[in-house]
Amino acid sequence: MARARKTITPDPYAKPIAKPLPPEQSLPGKLKQFQSPTRANFELVSPYGAAGDQPKAIEELTRGFKEGEQFQTLLGVTGSGKTFTMANVIKNVGKPTLILTHNKTLAAQLYQEFKAFFPHNAVEYFVSYYDYFQPEAYIPHTDTFIEKDASINDEIDKLRLRATANLLTRRDVIIVASVSCIYGLGSPSEYFDLMVRIKKGDVYDRDKILHDLVRIQYTRNDFSLERGSFRVHGDVIEIHPSYDEEGLRIELFGDEVDRLVRFNIITGEVTQEMDEMTIAPAKHFVTKEEGRAGILQRMQVELTERLAELDKEGKVLESARLSSRTRYDMEMIRETGMCSGIENYSRIIENRAPGTRPFTLIDYFGDDWLLMVDESHVSIPQVGGMAEGDKSRKTTLVQYGFRLPCALDNRPMNFAEFEFMYPKQVLFVSATPGDYELTKTGGVVTEQINRPTGLLDPKIEMFPIKGQMDVLLYRIEEVVKNGDRVLVTTLTKKMAQDLTDFFVEAGIRARYLHSDIKTLERHELIRGLRTGEFDVLVGINLLREGLDLPEVSMVAILDADKEGFLRNYRSLIQTMGRASRNVNGTVLLFADNMTDSLEKAVTETARRRAVQEEFNKEHGITPKSVTRKLEDDLRIADPLGIDGDDSVDEDWEDDGNGIRPMEPLQPSSKTKKKNSRKGMVMPQQVRHDKSASSQQNIEDLERQMKEAAARLDFEEAARLRDIIRGMK
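Calculation criteria
Residues numbered from 1 in each chain as written. Predicted model: local features only at pLDDT ≥ 70, side-chain atom pairs only at ≥ 80, totals over all residues. Heavy atoms only, no water. Helix = DSSP H or I, 4+ residues; strand = E, 2+ residues; numbered from the N terminus. Buried < 20%, exposed > 50% of the residue type's maximum accessible area, 1.4 Å probe, protein only. Contact = heavy atoms within 4.5 Å. Pairing = 2+ DSSP bridges. Axes fitted to C-alpha atoms, helices over the stretch in contact; angles between N-to-C directions. Parallel < 35°, antiparallel > 145°, perpendicular 65-115°, else oblique. Left-handed = near helix turned anticlockwise from the far one by under 90°. Lys, Arg positive; Asp, Glu negative; His and termini not counted. Salt bridge = Lys/Arg side-chain N within 4 Å of Asp/Glu carboxyl O. Nonpolar A, V, L, I, M, F, W, Y, C, P; charged D, E, K, R; others polar. Core = buried A, V, L, I, M, F, W, Y, C linked by side-chain atoms within 4.5 Å. pLDDT = per-residue confidence, 0-100. Expected span 1.5 Å × (residues − 1). Arc of directions from axis to C-beta. Phe/Tyr/Trp six-rings, centres within 6.5 Å; stacked < 30°, edge-to-face > 60°. Lys NZ or Arg CZ within 6 Å of the ring centre and 35° of its normal.

A. Just the overall build of the protein, in detail. What the protein contains, in helices and strands, is 21 helices and 25 strands. Of all 728 residues assigned to the protein, the portion counted as buried reaches 55%. Taking as baseline every contact in the protein between residues at least 6 positions apart, the subset at least 24 positions apart corresponds to 77%.

Below, the structure is given as structure tokens:
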């Protein structure tokens, strides 16, 4: 019997719905310069000065920018003090700065370091505020629609709002951001125009102030002054800004503003008298009320056009689905000003042309700023990969009638648009610069190889895969006896978890770190490794670029001969570098074959080690391990209402090196309480500590339980009690 030949008909959905625009045409709109382009006065505070190759690198980079070079690359080995060099360049250039890095863990570390270097300036943290995010999606071949599901981290949301509020009101701002900075954020012009500005002595109608607060998404709550709310007692209005730990109080005498103060939300104590006050919107996506009718009209026009297209193609189900979903959203916007998934209508809300990108954090910087791309060999490719995945998912939603075509324009910047937004000064920073960075700088790099501490690149030892666990256990015991820590890298999450369980059963205090761990918990794990809560941290791809762990003296790389993203030349160099901050730094490579990447990484490490040895002999330096204090947890600090005159220096002359002893930073009590609760007890911590140290953990938990009860936090005390019972 002859086999029938199946005819494949062309997919009617395959035609493009939206035509991509070139970057110069996809701008969301012309923006004004929110702050005059005067020199920002950054005050660098550090207990040490530049040393090693740092002075030369700082001088070369500063000179290059002053001479008009747009792109420069800093090639700095691990432990050479790249962050301090970057801080000095920021101070010398004197412009608002965006530091882009590729993951939240490194972003948190950089935020802490720059916060310590610039305690008197606005150093902010901007990453995705989702602890968990399941995007809206449709799978055609199984006819499965997946609703959007997300868990927003309130603390990170607060930090994001703080970043944009400071960026629009002062010049001395440094923002450490992940790739989240290329995603839609709402119009900065609208955000700036909607800020409520009040001056002492001016005349304001009380009801007008209340109306303005409601318009920028603050809610009235006369009983509990929560974040993003306000309360009214006669002529006194108290506001808890969505981006601040402290409250703002407006005291009126009739219609005249009699007094403006900042106060402690808990105690009510006045912390600062103010002459003027600026209150930024409670959310990034805010619109003027008078524009709501226009938004609904534009939604109706696009809906009508799209329904006509679907009906013409005979897609009855898709047409009915789109009509029902969109009309429901329109009704919600008409009545409340909000709807689920309102970000998918951002192009209509902002009245942008089809194909244009949304506003992003980068648009808040204006025209005069400095961009630093940390670990650029990873960060740049990551930026380039975001747009395509988002486009693929949303195209399916639009084709099958779940969303209007305007949803395609709620997207991250594509790489061409990102390049188009480059400022006049861009610095790429990496120990292993990629081809893109080298092309931009014509192959010219500023090298920073010699470390001020005299530390050498780690020794490298290779072992066969057979018997690797016996070798690893023996070497870990040796390191732990010396009071040092160990990193172990694997290829998969499952392998990381299984290896951690194996270590715990062998009596080793171990944890694992991978992408399933929540953002702030990753920071707590890194902190726990440094403080000695455990000795071994097992990871995959997060134990690489930039992690500053001077307590780690040994890094073990399993399956080192498996060529690929996690075991290529640059990845190996970066992973080995985690042991470069300790005088006893050693790397164990478990491999049966010498791959090209392995050979290149081992050769380059040996070269850098020889250069450092020569430098040490020439300058009589004895290598010593890096010492770095444990920074406080992520927190809110600089008030929005700071006097602008202190943050701007009209004189473009350099004021000197600005080096003086570092001032310790103290966390707010609320942040310490919140982070102590989040950091001390984590599921994997409880699961892995059923060993010899179990009794000590139970005692720690009992202490935390009693402390929670003492501060009347009975829910937390009960939660800790249940955990203790489970451990017993």
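Following the structure, the description resumes.
B. Examining the sheet that holds strand β21 (residues 485-489) more closely. Taken in spatial order, the six strands make up an open sheet running β20-β25-β24-β21-β23-β22, and their pairing is parallel. Looking at strand neighbours, the two that pair on one side only are β20 (459-463) and β22 (510-513), the edges of this open sheet. Direction aside, the axes of adjacent strands within the sheet are offset by 20 degrees on average. In this structure, β20 lies alongside strand β25 (residues 586-590), joined through five bridges in parallel fashion. For K459, the partnering residue across the bridge sits in β25 and is T586. Across the face of the sheet, helix α14 (residues 493-505) comes into contact with β21, β22 and β23 (536-539) while running at roughly 170 degrees to β22. Packed onto the sheet, helix α17 (residues 596-619) meets β20 and β25 and runs at close to 155 degrees relative to β20.

C. Expanded view of the pairing of strand β8 (residues 173-177). Of all five residues in β8, five are buried; the element is thus mostly enclosed. In the sheet, strand β2 (residues 97-100) pairs with β8 via four bridges, with the strands oriented parallel. Considered in β8, the bridge of L100 is made with A177.

D. View of the packing of helix α2 (residues 82-93) against helix α3 (residues 104-117). Contact geometry of α2 with α3 gives a least axis separation of 11 Å together with a crossing angle of 50 degrees. Viewed along their axes, α2 and α3 adopt a mutual orientation that is oblique. For α2 against α3, the interelement crossing comes out right-handed. Residues T83, F84, M86, A87 and I90 of α2 form the contact with α3, whose own contacting residues are L110, E113, F114 and F117.

E. Geometry of the sheet that holds strand β12 (residues 236-240). A sheet is described by the order of its strands in space; here six strands give the open sequence β10-β11-β12-β13-β14-β15, paired in mixed fashion. Each edge of the open sheet is held by one strand with a lone partner, namely β10 (219-220) and β15 (270-274). Pairing analysis gives five bridges linking strand β11 (residues 229-233) to β12, with the strands arranged antiparallel. Bridge pairing links R231 to E238 in β12.

F. Examining the side chain of R567 more closely. Tracing the chain through its elements places R567 in the loop between β24 (552-557) and α16 (569-576). Nearest to the buried, unbridged R567 among oppositely charged side chains is D559, at 5.9 Å. Those residues in contact with R567, other than ones at most four positions away along the chain, are T489, T490, L491, I557, L558, D559, A560, K562, L572 and S597.

G. Representation of unusual backbone geometry within the structure. With phi around 50 degrees, E375 is a residue other than glycine that occupies positive phi space. By the element assignment, E375 lies in the loop between β17 (370-374) and α10 (376-399). Judged by relative accessible area, which is 2%, E375 ranks as buried. At D559, a position not held by glycine, the phi torsion is positive, near 55 degrees. As for its placement among the helices and strands, D559 is situated in the loop between β24 and α16.

H. Just the packing of helix α7 (residues 292-312) against helix α8 (residues 316-336), in detail. Here α7 crosses α8 at 175 degrees, and the two axes come no closer than 10 Å. Classed by the angle they form, the pair α7 and α8 counts as roughly antiparallel. Mapping the contact onto sequence places R292, L296, M299, Q300, L303, R306, L307, L310 and D311 in α7 and E318, S319, L322, S323, T326, R327, M330, I333, R334, E335 and T336 in α8. When grouped by side-chain class, the residues that make up the contact of α7 with α8 number eight nonpolar, five polar and seven charged.

I. The arrangement of the pairing of β17 in detail. Across the five residues of β17, five count as buried, placing the element largely inside the fold. Side chains L370, M372 and D374 of β17 all project onto a buried face; the interleaved residues L371 and V373 project onto the opposite face, where all are buried too. The sheet contact formed by β2 and β17 spans four bridges and is parallel. Across the sheet, L100 pairs through a bridge with V373, a residue of β17.

J. Highlighting the nonpolar core. In terms of nonpolar packing, the biggest core is built from 58 residues, with L98, I175, I250, I279, L361 and F418 touching the most fellow members. Here the element with the most residues in this core is helix α4 (residues 154-167); it accounts for four residues. Beyond its immediate sequence surroundings of up to four residues, I250 is in contact with I198, I209, D235, V236, I237, I239, V257, R259, L260 and M277. Ranked by size, the runner-up nonpolar core spans 44 residues in total, among them I476, I557, I573 and A579.

K. Structural context of the confidence of the model for the protein. Within the protein, residue pLDDT values average 82, and 84% of them lie at 70 or more. Every residue in residues 1-15 scores below 50 in pLDDT, and together they form eight contacts with partners more than four places removed in sequence or on other chains. Below pLDDT 50 for its whole length, residues 633-692 participates in 152 contacts with residues either more than four positions away or in separate chains.

L. Helix α21 (residues 714-727), seen in detail. The end-to-end C-alpha distance of α21, which contains 14 residues, comes to 20 Å, matching closely the 20 Å that a straight helix rising 1.5 Å per residue would cover. Of all the residues in α21, the buried ones are E716, A717, L720, I723, I724 and M727. Buried positions in α21, seen along its axis, are confined to an arc of 125 degrees and lie on one side of it. Turned more than 90 degrees away from the buried face of α21 sit F714, E715, R725 and G726, all of them exposed.

M. Examining the packing of aromatic side chains more closely. Within this structure, the stated rule accounts for 19 aromatic pairs. Taken together, a centroid distance of 4.9 Å and an interplanar angle of 85 degrees make the contact between Y129 and Y130 edge-to-face. Accessibility assignment for this pair places Y129 and Y130 in one class, buried. Here the aromatic residues F71, F415, F418, Y422, F428 and Y436 are joined through ring pairs into a cluster of three or more. In this arrangement the basic side chain of R321 is found over the ring face of Y138, its NZ or CZ atom lying 5.8 Å from the centre. For the cation-ring pair, K600 lies above Y569, with the distance from its terminal atom to the ring centre recorded as 4.5 Å.

N. Focus on the environment of R581. Note on placement: R581 falls in the loop between α16 and β25. R581 sits in the buried class, given a relative accessible area of 11%. For the pair R581 and K624, spaced 43 residues apart in the sequence, the C-alpha separation amounts to 8.7 Å.

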